[in-house]
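# Report on the structure
One letter stands for each residue in the lines below.
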Amino acid sequence: MARMKFLCDAERCINCNACVTACNNEHDVPWGINRRHVITLKDGESGEKSVSVACMHCTDAPCAAVCPVDCFYTTPDGIVLHDKDLCIGCGYCFYACPFGAPQFPEQGVFAARSKMDKCTFCAGGPLPDNSVEEYQKYGRNRIAEGKLPLCAEMCATKALLGGDGNIVSEIYIQRVTKRGGRPEAWGWETAYNFKSKKE
Amino acid sequence: MNHISYILMVCALLMGPAACSYESRQTTVHEPGVYKGAKDPLLAQQKQQELIDRFKLVQTDR
């Protein structure tokens, strides 16, 4: 069984934000909310690096561990999804997530948070695949169409990879071998308990 | 007398079912770690090879 993972190659990311735009457009995400963010470190200085961050679909997802209503489930492919019909918008997942993935686009009563929204790895939610209800609540279900996340497919520099973890790491190893230097699989240690063999 | 016994009988009939009813005193209706939402129809699909082919088509280095 494939294990779906994201990897952002910080050496290739040029902070173009095409992944963010592609995601927002594909899933019709409300204004002011981004399921994916591009973070730039040392902006304008020597050694500037950018990484594209969204839900990493963690192996032992902290969001699922803290959810008081257990609205999260993990698919056999390792994609962490949630049921908006169960979500109460408590925001615990937002505090637990090391990547800042959970978003709260809607406002509930008394200015409280409403249903949580996050990256679905373009796999929708627990409603009929690509139905109107699923699209409105979770966005497009590209996985059901045999496609991969649009953010990764759109990436012009191939910095963002999204798919079977074995193939992703194979490509990344080839790149590191070719260009030299240390492998820096950003976020993998936190998300997938990944340890570099060199350490 | 007959009138009083009739009222008592009606009261007994009304209170009988109420006495038998049971209200749970459990304050949590939640089993930790158990997802109880709707099932995702996507899980029934086997798309592994299709997705691997797709990855090789669009995401590998040129």
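All values reported here derive from a predicted model rather than from experimental measurement. (Residues numbered from 1 in each chain as written. Chains lettered and ligands numbered in written order. Predicted model: local features only at pLDDT ≥ 70, side-chain atom pairs only at ≥ 80, totals over all residues. Heavy atoms only, no water.)

In terms of regular secondary structure, chain A is built from 7 helices and 6 strands. Counting from the amino terminus, chain A carries its helices and strands in the arrangement β-α-β-β-α-β-β-α-α-α-β-α-α. Relative to a compact globule of 199 residues, whose C-alpha radius of gyration would be 16 Å, chain A shows 17 Å and is just as compact. Principal-axis analysis of the C-alpha atoms gives chain A an extent of 50 × 40 × 30 Å. For chain A, with 199 residues in total, the buried portion stands at 52%. Taking the intrachain contacts of chain A between residues at least 6 apart in sequence as the baseline, contacts between residues at least 24 apart amount to 53%. Working note: accessible area of chain A is about 9,600 Å², and carbon and sulfur atoms make up 53% of it. (Helix = DSSP H or I, 4+ residues; strand = E, 2+ residues; numbered from the N terminus. Rg over C-alpha atoms; globule rule 2.2 N^0.38 Å. Buried < 20%, exposed > 50% of the residue type's maximum accessible area, 1.4 Å probe, protein only. Contact = heavy atoms within 4.5 Å. Areas by Shrake-Rupley, 256 points an atom, 1.4 Å probe, with all protein chains shown as cover.)

When you line up the elements, A:D164 lands in strand β6 (residues 160–164). No salt bridge is formed by the buried A:D164; the nearest opposite charge belongs to A:K5, separated by 7.6 Å. Among all residues touching A:D164, those that are not within four sequence positions of it are A:A2, A:R3, A:M4 and B:I52. (Lys, Arg positive; Asp, Glu negative; His and termini not counted. Salt bridge = Lys/Arg side-chain N within 4 Å of Asp/Glu carboxyl O.)

Moving on: the interface of chain A and chain B. Contacts between the two partners involve 43 residues from chain A and, on the opposite side, 28 residues from chain B. Both faces considered, chain A and chain B share a buried interface measuring about 2,600 Å² in area, 59% of it formed by carbon and sulfur atoms. Put simply, chain A and chain B have 3 salt bridges between them. Scanning the region where chain A abuts chain B turns up 11 residue pairs in polar contact (both at pLDDT 80 or more). Per-element accounting of the side of chain A that touches chain B gives the leading share, 5 residues, to β6(A). Taken together, the residues of the side of chain A that touches chain B break down into 25 nonpolar, 6 polar and 12 charged. (Buried area = accessible area lost by both parts, 1.4 Å probe. Polar contact = N/O pair within 3.5 Å; in protein donor to acceptor, adjacent residues only side chain to side chain. Nonpolar A, V, L, I, M, F, W, Y, C, P; charged D, E, K, R; others polar.)

Right, let's get into the side chain of B:D40. Mapped onto the secondary structure, B:D40 falls in the loop between α1 (2–20) and α2 (48–58). One buried charged residue, B:D40, forms no salt bridge at all, with the nearest opposite charge on A:K118 at 11 Å. Dropping the residues within four chain positions of it, B:D40 is found in contact with A:Y73, A:L81, A:A123, A:G125, A:P126 and A:D129.

Attention now moves to the confidence of the model for chain B. Counting all residues, the mean pLDDT for chain B is 81, and 82% of those residues have values of 70 or more. Scored by ipTM, the complex comes to 0.84, with pTM at 0.84. (pLDDT = per-residue confidence, 0-100.)

Time to look at the packing of aromatic side chains. Centre distance and the angle of the planes are the two values used to describe a pair of aromatic rings. Evaluation of the coordinates by the stated rule reveals 6 aromatic pairs over all chains. Ring geometry for A:F6 against A:F121: centres 4.6 Å apart, planes inclined by 40 degrees, an arrangement best described as tilted. Of this pair, A:F6 sits in strand β1 (residues 4–8) while A:F121 sits in the loop between α3 (92–96) and α4 (132–138), and the two are 115 residues apart along the sequence. Using a relative accessible area of 2% as the deciding quantity, one classes A:F6 as buried. Taking the relative accessible area as the measure of exposure, A:F121 reaches 1% and is therefore buried. Arranged with centres 4.9 Å apart and planes meeting at 35 degrees, the rings of A:Y73 and B:Y35 form a pair that is tilted. Of the two residues, A:Y73 sits in strand β4 (residues 72–74) while B:Y35 sits in the loop between α1 and α2, which places them in two different chains. You can call A:Y73 buried: its relative accessible area is 9%. (Phe/Tyr/Trp six-rings, centres within 6.5 Å; stacked < 30°, edge-to-face > 60°.)

What follows concerns the pattern of salt bridges. One pass over the structure, following the stated rule, counts 15 salt bridges over all chains. A salt bridge links A:E11 to A:K49, with the shortest nitrogen-to-oxygen separation between them at 3.1 Å. Taken together, the residues span a long stretch of sequence, with A:E11 in the loop between β1 and α1 (18–27) and A:K49 in strand β3 (residues 49–53) at a distance of 38 residues. A salt bridge links A:E153 to B:R54, with the shortest nitrogen-to-oxygen separation between them at 2.7 Å.

This next bit is on the state of the cysteines. All names here are of chain A. Scanning the model with the defined rule gives 0 disulfides over all chains in all. With no disulfide of its own, C122 has C151 as its nearest cysteine by sulfur position, at a separation of 6.0 Å. Using a relative accessible area of 6% as the deciding quantity, one classes C122 as buried. (Disulfide = S-S within 2.5 Å.)

This part takes up the nonpolar core. Ranked by size, the top nonpolar core spans 57 residues in total, and within it A:F6, A:F72 and A:L160 carry the most contacts. Sorting elements by how many residues they give to this core places helix α6 (residues 165–179) of chain A first, with 5 residues. (Core = buried A, V, L, I, M, F, W, Y, C linked by side-chain atoms within 4.5 Å.)

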